[in-house]
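Understanding the architecture of this molecule
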Amino acid sequence: MAIHRAVYGLLLTTTILAFFVPFSTADPDNLQDFCNLKISRVNGFACKPTESVTTSDFFSKLLSTPGNTTTGVSITSANVLGFPGLNTLGVSLIRLDFAPRGIAAIHYHPRASEIIFVVEGTVNVGFVSTGRKLFLQTLNKGEVFVFPQGLVHFQRNIGDTPATVLAAFNSQLQGTVLIPQTLFASTPEIPDDFLANGLRIDTEAVQNIKKKF
Ligand SMILES: *[C@@H]1O[C@H](CO)[C@@H](O)[C@H](O)[C@H]1NC(C)=O
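Now for a quick tour of the structure. Owing to the predicted nature of the structure, the values given are computational and were not obtained by experimental measurement. (Residues numbered from 1 in each chain as written. Predicted model: local features only at pLDDT ≥ 70, side-chain atom pairs only at ≥ 80, totals over all residues. Heavy atoms only, no water.)

Moving on, we get to the packing of helix α3 (residues 192-199) against helix α4 (residues 203-211). Direction vectors running N to C along α3 and α4 enclose 105°, while the axes themselves pass 8 Å from each other. Viewed along their axes, α3 and α4 adopt a mutual orientation that is roughly perpendicular. Only T203, V206, Q207 and K210 of α4 make contact with α3, whose side of the interface consists of D192, D193, L195 and A196. Partitioning the contact of α3 with α4 into residue classes produces 3 nonpolar, 2 polar and 3 charged. (Axes fitted to C-alpha atoms, helices over the stretch in contact; angles between N-to-C directions. Helix = DSSP H or I, 4+ residues; strand = E, 2+ residues; numbered from the N terminus. Parallel < 35°, antiparallel > 145°, perpendicular 65-115°, else oblique. Contact = heavy atoms within 4.5 Å. Nonpolar A, V, L, I, M, F, W, Y, C, P; charged D, E, K, R; others polar.)

Right, dumping it as structure tokens:
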């Protein structure tokens, strides 16, 4: 009986804790003002001693020039990898430059929601919920749209002129999973029969797709 009471007490405590322990859906809140490069590591990246941090550690020109849009779209990132001052701050930016009709292929970001602002042009964007509902929207210059964290999305320039989009993330390193590359160009490769089964095509068709990557 005493054992039963102990187990019951433990279950009750766990249930109560589950309701009241705070949880986080984004990068953890900052534990300090900043943690700028080198020496001790926080969030997997190193911090500079506070006394040697300068204004230039909070400045970046990474997004100042348009990228090369020969392949339809150019994606330029200002995240913690190229802009170490973002370490522990939970934010980052991407600049997307689209050629006319250019497409940012279907992908998702495992660690962040994404809010986009159309700097120039007209883009068509969409994401699919886990319930497989498609949310599709056309955006003009100055308009904003949001892709919730972890949901599959895409963007395309539907205009005959270049387009530029700025995307902000609530993560210093949002991560990008490109769906086609993940399926067909992993190392080592996903076995053909898994892809054939999942995509309801034969293994020859799988091999033909793999050759394109
Ligand atoms: C853009 O990229 C293409 C091929 O990737 C290259 O041929 C071209 O020279 C590049 N243009 C500029 C301005 O760098």
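Read on, since the account is not over.
Turning to unusual backbone geometry, a few remarks are in order. T187 connects to P188 through a cis peptide bond whose omega is -10°. Note that P188 resides in the loop between α2 (179-184) and α3. Even without being glycine, R101 reaches a positive phi, approximately 70°. Inspection of the secondary structure puts R101 in the loop between β4 (92-98) and β5 (103-108). In this structure, R132 is a non-glycine residue whose phi angle is positive, near 65°. Position of R132 relative to the elements: it lies in the loop between β7 (123-128) and β8 (134-139). Residue R132 is classed as exposed on the basis of its relative accessible area, which comes to 74%. (Buried < 20%, exposed > 50% of the residue type's maximum accessible area, 1.4 Å probe, protein only.)

This next bit is on the pattern of salt bridges. Scanning the entire structure with this criterion turns up 6 salt bridges. A salt bridge links D160 to R101; its shortest N-O distance comes to 3.0 Å. Residue D160 is found in the loop between β10 (152-157) and β11 (163-169), and its partner R101 is found in the loop between β4 and β5; the two are separated by 59 residues along the sequence. In terms of burial, D160 and R101 fall into one category: exposed. Overlapping salt bridges bring together E189, D192 and K210 as one network. (Salt bridge = Lys/Arg side-chain N within 4 Å of Asp/Glu carboxyl O.)

On to the pairing of β4, then. Most of β4 is tucked away: 6 of the 7 residues are buried. Pairing between strand β3 (residues 73-78) and β4: 6 bridges, direction antiparallel. Across the sheet, T76 pairs through a bridge with R95, a residue of β4. Sheet topology note: the β4/β11 ladder contains 7 bridges and is antiparallel. Directly across from F98, in β11, lies its bridge partner A163. (Pairing = 2+ DSSP bridges.)

With respect to the secondary-structure elements, H109 resides in the loop between β5 and β6 (114-120). Note on H109: relative accessible area 4%, which makes it buried. Within the structure, the side chain of H109 is placed 3.5 Å from the side chain of H153, a separation counted as a polar contact. Dropping the residues within four chain positions of it, H109 is found in contact with E114, Q149, G150, H153, F169, Q174, G175 and T176. (Polar contact = N/O pair within 3.5 Å; in protein donor to acceptor, adjacent residues only side chain to side chain.)

Here we take up the sheet that holds β10. Spatial strand order, β8-β7-β10-β5-β12: 5 strands in an open sheet with antiparallel pairing. The two strands at the open ends of the sheet, each matched to only one other strand, are β8 and β12 (177-178). Note: β5 against β12, 2 bridges, orientation antiparallel. If you follow H107 over to β12, its bridge partner there is L178.

Attention now moves to the packing of aromatic side chains. According to the stated counting rule, one finds 4 aromatic pairs in the structure shown. Considering the side-chain rings of F127 and F145, the 6.2 Å spacing of their centres and the 50° angle between planes classify their relative orientation as tilted. Of the two residues, F127 sits in strand β7 while F145 sits in strand β9 (residues 144-147), which places them 18 residues apart along the sequence. Per residue, the accessibility class of F127 equals that of F145, and both read buried. An angle of 70° between the planes, with centres 5.6 Å apart, marks the rings of F145 and F147 as edge-to-face. No difference in accessibility class separates F145 from F147, as the two residues are buried. (Phe/Tyr/Trp six-rings, centres within 6.5 Å; stacked < 30°, edge-to-face > 60°.)

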